There are 2 protein chains.
Amino acid sequence: MNSEQAYQNLLTHLKLTNALSQASGVLSWDQETMMPRDGAAARAEQSAALALVIHSRNIDPVIDELCGEIDESALDDTGKANVREARRTHQRAIRIPAELAGELARAGALAQGIWAKARREEKVADFLPTLKNMVSLKQQEAQCLKEEDGSLYDALLDEYEPGMKSEPLAKLLGRLRPHLTALREKLITDNVEIKPLKGNFEEGAQMEMARRLASVFNYNWNAGRLDLSVHPFSSGYRSDSRITTRVDRGNPFDCMYSTVHEVGHANYEQGREPEMDRTPAGGYASMGIHESQSRMLENQIGRSRVFMEWLHPQMKEVFGDFGIDSPDELFAIVNKVETGFIRTEADEIHYNLHVVLRFELELALFAGDLSVDDLEGAWNERFERDFGMAVDKPSNGLLQDVHWSFGAFGYFPTYSLGNIYAGELFKIMGDQIGGMEAMIAKGELGEISSWLGENIHRHGNVYSAPQLMEMVCGKVPDEKALAGYLQDKFG
Amino acid sequence: MNSEQAYQNLLTHLKLTNALSQASGVLSWDQETMMPRDGAAARAEQSAALALVIHSRNIDPVIDELCGEIDESALDDTGKANVREARRTHQRAIRIPAELAGELARAGALAQGIWAKARREEKVADFLPTLKNMVSLKQQEAQCLKEEDGSLYDALLDEYEPGMKSEPLAKLLGRLRPHLTALREKLITDNVEIKPLKGNFEEGAQMEMARRLASVFNYNWNAGRLDLSVHPFSSGYRSDSRITTRVDRGNPFDCMYSTVHEVGHANYEQGREPEMDRTPAGGYASMGIHESQSRMLENQIGRSRVFMEWLHPQMKEVFGDFGIDSPDELFAIVNKVETGFIRTEADEIHYNLHVVLRFELELALFAGDLSVDDLEGAWNERFERDFGMAVDKPSNGLLQDVHWSFGAFGYFPTYSLGNIYAGELFKIMGDQIGGMEAMIAKGELGEISSWLGENIHRHGNVYSAPQLMEMVCGKVPDEKALAGYLQDKFG
């Protein structure tokens, strides 16, 4: 077989596997949005069956054989990325023994229910054995995956942010931290007076506002749809990238900004070239890059002063007189800084402090400096230090996030990386697009979408996140752009 | 390996395959109800990937090996059915060469589009090459599948109605035919005057009526949902059996009776025992049995005079004064007999005449007595003979049904078998449930649902359709019950 033939055969194998992954994704979407109550057990079996088939395709030795016959130097960047990712996925799959993979899947499936119950009942002790088991399994997994001289944590981080290591990441977040705490201390003293909202915030009206927001951010409705779910999410691929939101009758901003956030994720997926469909190169660069797309639309644009010029009259049209009289008032409300326990409800300042706390705890756990038994104490101590108040109950502390229950260690820091990337990208985009603020004020976001499409979306997973960021920004990304943006807005 | 172990291993293999089939079914449902426009191409790849994986599992020699190690005499009826169906599916899969299977799949996928275009443009000639190719491929398939002394057509019929042969089926439908033509001739002369409908037939109101109908027929909402689609259908399995309907603003009965029809299908699936989940025994006995469940709810119950006592006030509640003043008038309207070109819009008399016409043409095609080139002529000639009017355009004739485009030869007769089975079952059910008419008049269908659950639904595919019908009716089913019912109602 010649190199070109081997490459084509490899692609054929990978595309079929990817089609099965897409199918699995559609089932997950259905589960959160459409599936009737009694369908849960059957759905679990369907997902498990697909996972098994996908795993067996990922460990197929034919991948290694074909990769060995390919002359990579003859491939373009996209081809190189396909071979790189084929090897990466194959290596990760074969390094983990089938037994461990099975245990991880089983533990993850069970743990979420145990976590949810423990959180509901505010009983950390009921969750600790499960968490201990999961940490132990993830340590074993990391041991299988880690580079010879690498750390366990880096092996886990690599799943979500390929090419990123914990050491430079810790330094980066460490440099961001003082900016956040300084702004925090300044802002919580001059609290904004929030007028009570009024108006028609019925589900129909909120969904109409959500659709308008998705449209203004150039969400492609021919390749997606908007539904309701308990937790907003986006899922899918280029030609079918769906988003969800939720409706809180007392607070329309939750629905609105959840929508904008998920549109950011969906636009990234929708922005790939059709030629990349079902190939690894057509994937996404990293969770950090993904999050940068959602956070930039949500915060840098969606919560900007100029965007209020478009948003305020739109809200009046949809909700009637809703108690906020001007774009300035609206700007103050959607940017109110307030110390709270919950990460997902946090403002732009506190959000990254939440993430840094989790990241530090994860590092300590996997370096062996912290045991699961001591985790709650460590959480509460750090929270009081960073947020100036004591955790009042576990659901506001250690039990608030689902991530650790299913073993997603190394995921949290990608949220802050996303914010840092968004800071860099928004800055350089502003430099390159003339009159961007005026466009945002009018709700004319076509040039912004094109810029993101051209510079980020179309590249998919051809380049790693560090490569991509350096290509776009002309330098290694750092915290300065985000810190400057926050200082300008809140300082 | 001992027999019990072999049986358990066989079940494990079959259940995983079945979970993948269920997944494929969810994707098809999504495609017809939820999928955005641009998602079609990716969905086709996902379905094809799943079909390939399922096929490779069905041809796995391990099935034959395990079946060989099982002592069937030690199994109960359910166990025997699982082994029987495992062998049957395996045999059908291995008998068809991979190349032919691929060509059939490809041809089927392409043909539907070609058929739809030819129908839209009223051009039979544009569809004929496609149909010729499909008939030839199905002849090859039937050649692979047929029993040594069996006919090609029986091999195709067996896919939809296992155990049924064309010869007794032709005799059965042949005996039904004169009853239908006699009633037809009597009825089309004394045409019912139909008053124009009025009232609020908005989508919301029609869907509310559809939900009430589904509920009164004991559809389990915890294991299903109701949505809109271009063509109504039901899909799914015990714990997640979904139905769709459609809304014609001028005619609420289309939405209503489509819903009842699909509820009949869904109730059948919902009525299995959980122990049978994902096993072949947990499937359905045949398409004819499936159709009997939908047609009985739709016609024998849903269009009965007594049901109008419940339906008329319900419709007034939902639609307001809709122009029909009494249950009697309503009964006349929902049972109006009228000669028409289209099978799916036909009344209970004409429906089976439509089916018999197609069945006769299929028989002739696969017996080599009729060529595809002569098919339109044969259709039109027979239609004029049976319906007393000439086909005016291909979309009202040869091009009206999608079935042949994707090679579903042998499917049509199961519609009439369903009606015949429904006739038998409704008769014996009425004998066994005291005061059934009074229950129907009050919309109290609990005992009917229980009877169907006990006698039909819970048995799944443990027994073949002929076995099941004989168990329930105590005799070989024939056309007399249906003919008697039609005579009573229309004669």
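Residues numbered from 1 in each chain as written. Chains lettered and ligands numbered in written order. Predicted model: local features only at pLDDT ≥ 70, side-chain atom pairs only at ≥ 80, totals over all residues. Heavy atoms only, no water.

**Some thoughts on the overall build of chain A**
So, point 1. Broken down by element type, chain A carries 20 helices and three strands.
So, point 2. A compact globule built from 491 residues would reach a C-alpha radius of gyration of about 23 Å, and chain A, at 23 Å, matches this within 12%.
So, point 3. Summarising its shape, the C-alpha atoms of chain A cover approximately 70 × 50 × 50 Å along the three principal directions.
So, point 4. For chain A, buried positions account for 57% of its 491 residues.
So, point 5. Considering only residue pairs separated by 6 or more positions, chain A has 73% of its internal contacts joining residues 24 or more positions apart.
So, point 6. Averaging the positions of the 51 positive and the 76 negative side-chain charges in chain A gives two centres separated by 2 Å. (Helix = DSSP H or I, 4+ residues; strand = E, 2+ residues; numbered from the N terminus. Rg over C-alpha atoms; globule rule 2.2 N^0.38 Å. Buried < 20%, exposed > 50% of the residue type's maximum accessible area, 1.4 Å probe, protein only. Contact = heavy atoms within 4.5 Å. Lys, Arg positive; Asp, Glu negative; His and termini not counted. Charge placed at Lys NZ, Arg CZ, Asp CG, Glu CD.)

**Thoughts on the pairing of strand β3 (residues 240–245) of chain B**
Residue and element names in this part refer to chain B.
So, point 1. Of all six residues in β3, six are buried, a share of seventy percent or more.
So, point 2. Of the two faces of β3, the one carrying Asp240, Arg242 and Thr244 and the one carrying Ser241, Ile243 and Thr245 are both buried.
So, point 3. For strand β1 (residues 226–228) and β3, the ladder comprises three bridges, and the chain directions are parallel. Along β3, the bridge assignment pairs Asp227 with Thr244.
So, point 4. Bridge count between strand β2 (residues 234–237) and β3: four bridges; the pairing is antiparallel. Bridged to Tyr237 within β3 is Asp240.
So, point 5. Adjacent in sequence and paired antiparallel, β2 and β3 are bridged by two residues. (Pairing = 2+ DSSP bridges.)

**A closer look at the sheet that holds strand β2 (residues 234–237) of chain A**
Residue and element names in this part refer to chain A.
So, point 1. Taking strand neighbours across the sheet as the criterion, the three strands line up as β1-β3-β2 in an open arrangement whose pairing is mixed. Edge positions in the sheet fall to β1 (226–228) and β2, since each of these pairs with one other strand and no more. Neighbour to neighbour, the strand axes of the sheet diverge by 20° on average, direction disregarded.
So, point 2. Sitting on the sheet, helix α1 (residues 3–33) is in contact with β1, β2 and β3 (240–245), with an inclination near 45° to β1. (Axes fitted to C-alpha atoms, helices over the stretch in contact; angles between N-to-C directions.)

**Quick notes on the sheet that holds β3 of chain B**
Residues and elements named next belong to chain B.
So, point 1. Spatially, β1-β3-β2 is the arrangement adopted by the three strands of the open sheet, whose pairing is mixed. On the outer flanks of this sheet lie β1 and β2, each paired with one strand and no other. Ignoring strand direction, the axes of neighbouring strands in this sheet form an average angle of 20°.
So, point 2. Docked against the sheet, helix α10 (residues 252–270) engages β1, β2 and β3, running at close to 165° with respect to β3.

**As for the relation of the copies chain B and chain A**
So, point 1. When chain B is fitted to chain A, the best match, at an RMSD of 0.0 Å, comes from turning it 180° and sliding it 0.0 Å along the axis. Here the two chains are linked by the operation of a two-fold rotation axis.
So, point 2. Interface residue correspondence from chain B to chain A reaches 100%, placing this contact among same-surface, isologous pairings. (Least-squares fit on C-alpha atoms with pLDDT ≥ 70 in both.)

**Quick word on the pattern of salt bridges**
So, point 1. The full count for this structure, using the stated rule, is 84 salt bridges over all chains.
So, point 2. A salt bridge links Asp30 of chain A to Arg43 of chain A; the nearest nitrogen and oxygen atoms lie 2.9 Å apart. One end of the pair, Asp30 of chain A, is in helix α1; the other, Arg43 of chain A, is in helix α2 (residues 40–58), with 13 residues separating them in the sequence. Side by side, Asp30 of chain A and Arg43 of chain A carry an identical accessibility label, which is buried.
So, point 3. Taking the shortest distance from any N to any O, the salt bridge between Lys489 of chain B and Glu348 of chain B comes out at 2.8 Å. Here Lys489 of chain B is found in helix α20 (residues 480–490), whereas its partner Glu348 of chain B is found in helix α14 (residues 348–367), with 141 residues between them in sequence. Taken individually, Lys489 of chain B and Glu348 of chain B each receive the classification buried, so the pair is uniform in this respect.
So, point 4. When salt bridges with common partners are traced through the structure, they connect Arg84, Glu85, Arg88, Arg92, Asp158 and Glu159 of chain A into a single cluster. (Salt bridge = Lys/Arg side-chain N within 4 Å of Asp/Glu carboxyl O.)

**Here's the deal with the packing of helix α6 (residues 124–145) of chain B against helix α7 (residues 152–160) of chain B**
All names here are of chain B.
So, point 1. Look at α6 against α7: their axes get within 8 Å of each other, and the N-to-C directions meet at 85°. One element, α6, and the other, α7, form an angle in the roughly perpendicular class. Together, Lys138, Gln139, Glu141, Ala142, Gln143 and Leu145 of α6 and Leu152, Ala155 and Leu156 of α7 make up the contact between the two elements.
So, point 2. The residue makeup of the contact of α6 with α7, split by class, is five nonpolar, two polar and two charged. (Parallel < 35°, antiparallel > 145°, perpendicular 65-115°, else oblique. Nonpolar A, V, L, I, M, F, W, Y, C, P; charged D, E, K, R; others polar.)

**Regarding the nonpolar core**
Residues and elements named next belong to chain A.
So, point 1. Of all hydrophobic cores here, the largest spans 130 residues; its most connected members are Phe217 and Leu311.
So, point 2. A per-element tally of this core places helix α14 (residues 348–367) first, with eleven residues.
So, point 3. Counting only domains with at least three residues in this core, you end up with domain 1 (3–151) and domain 2 (152–491).
So, point 4. Once residues within four sequence positions are removed from consideration, Phe217 is found in contact with Val260, Val263, Asn267, Leu297, Ile301, Gly302, Phe307, Leu445 and Ser449. (Core = buried A, V, L, I, M, F, W, Y, C linked by side-chain atoms within 4.5 Å. Domains from an automatic or database assignment.)

**Remarks on the interface of chain B and chain A**
Accessible area lost when the parts come together is the quantity often used to give the size of an interface.
So, point 1. Taken together, the 35 residues of chain B in the interface contact 35 residues of chain A.
So, point 2. Note on chain B versus chain A: buried area summed over both sides is about 2,700 Å², and carbon and sulfur give 61% of it.
So, point 3. For the chain B face of the interface with chain A, the top three residues by lost area are Pro36, Gln46 and Asn222 of chain B, together amounting to 18%.
So, point 4. Inspection of the chain B/chain A interface yields four salt bridges.
So, point 5. Among the ionic pairs, Asp30 of chain A bridges to Arg242 of chain B, the shortest N-O distance being 2.7 Å.
So, point 6. Where chain B touches chain A, the interface holds 14 residue pairs in polar contact (both at pLDDT 80 or more).
So, point 7. Listing elements by their share of the side of chain B that touches chain A, those giving two or more residues are α1 (3–33), α2 (40–58) and β3 of chain B.
So, point 8. No other element matches α1 of chain B, which puts ten residues into the side of chain B that touches chain A.
So, point 9. Class assignment of the residues belonging to the side of chain B that touches chain A gives a composition of 18 nonpolar, eight polar and nine charged. (Buried area = accessible area lost by both parts, 1.4 Å probe. Polar contact = N/O pair within 3.5 Å; in protein donor to acceptor, adjacent residues only side chain to side chain.)

**Here's the deal with α2 of chain B**
Residues spaced three or four apart along an α-helix point in a common direction, a consequence of the helix completing one turn every 3.6 residues.
So, point 1. With 19 residues, α2 of chain B extends 27 Å from end C-alpha to end C-alpha; this agrees with the ideal 27 Å at 1.5 Å per step.
So, point 2. Those residues of α2 of chain B that sit buried are Ala42, Arg43, Gln46, Ala49, Leu50, Val53, Ile54, Arg57 and Asn58 of chain B. (Expected span 1.5 Å × (residues − 1).)

**Quick word on helix α3 (residues 61–69) of chain B**
Residues and elements named next belong to chain B.
So, point 1. All of the buried residues in α3 are Ile63, Leu66 and Cys67. Down the axis of α3, the sector holding all buried residues measures 100°, keeping them to one side. Within α3, the exposed residues directed more than 90 degrees away from the buried face are Pro61 and Gly68.
So, point 2. The elements touched by buried residues of α3 are α1, α2 and α4 (77–95).
So, point 3. Near the N-terminus of α3, the side chain that reaches the backbone nitrogen of Val62, with its oxygen 2.9 Å away, is that of Asp60. (Arc of directions from axis to C-beta.)

**Here we look at the domain arrangement of chain A**
All names here are of chain A.
So, point 1. Under the domain assignment, chain A is made up of domain 1 (3–151) and domain 2 (152–491).
So, point 2. Each partner contributes to the interface: domain 1 provides 44 residues, whereas domain 2 provides 47 residues.
So, point 3. Of all residues in domain 1, Trp29, Glu122 and Ser151 give up the largest surface area on contact with domain 2, accounting jointly for 16% of the area buried on that side.
So, point 4. Taken together, the links from domain 1 to domain 2 amount to five salt bridges.
So, point 5. Summed over the shared surface of domain 1 and domain 2, the number is 17 residue pairs in polar contact (both at pLDDT 80 or more).

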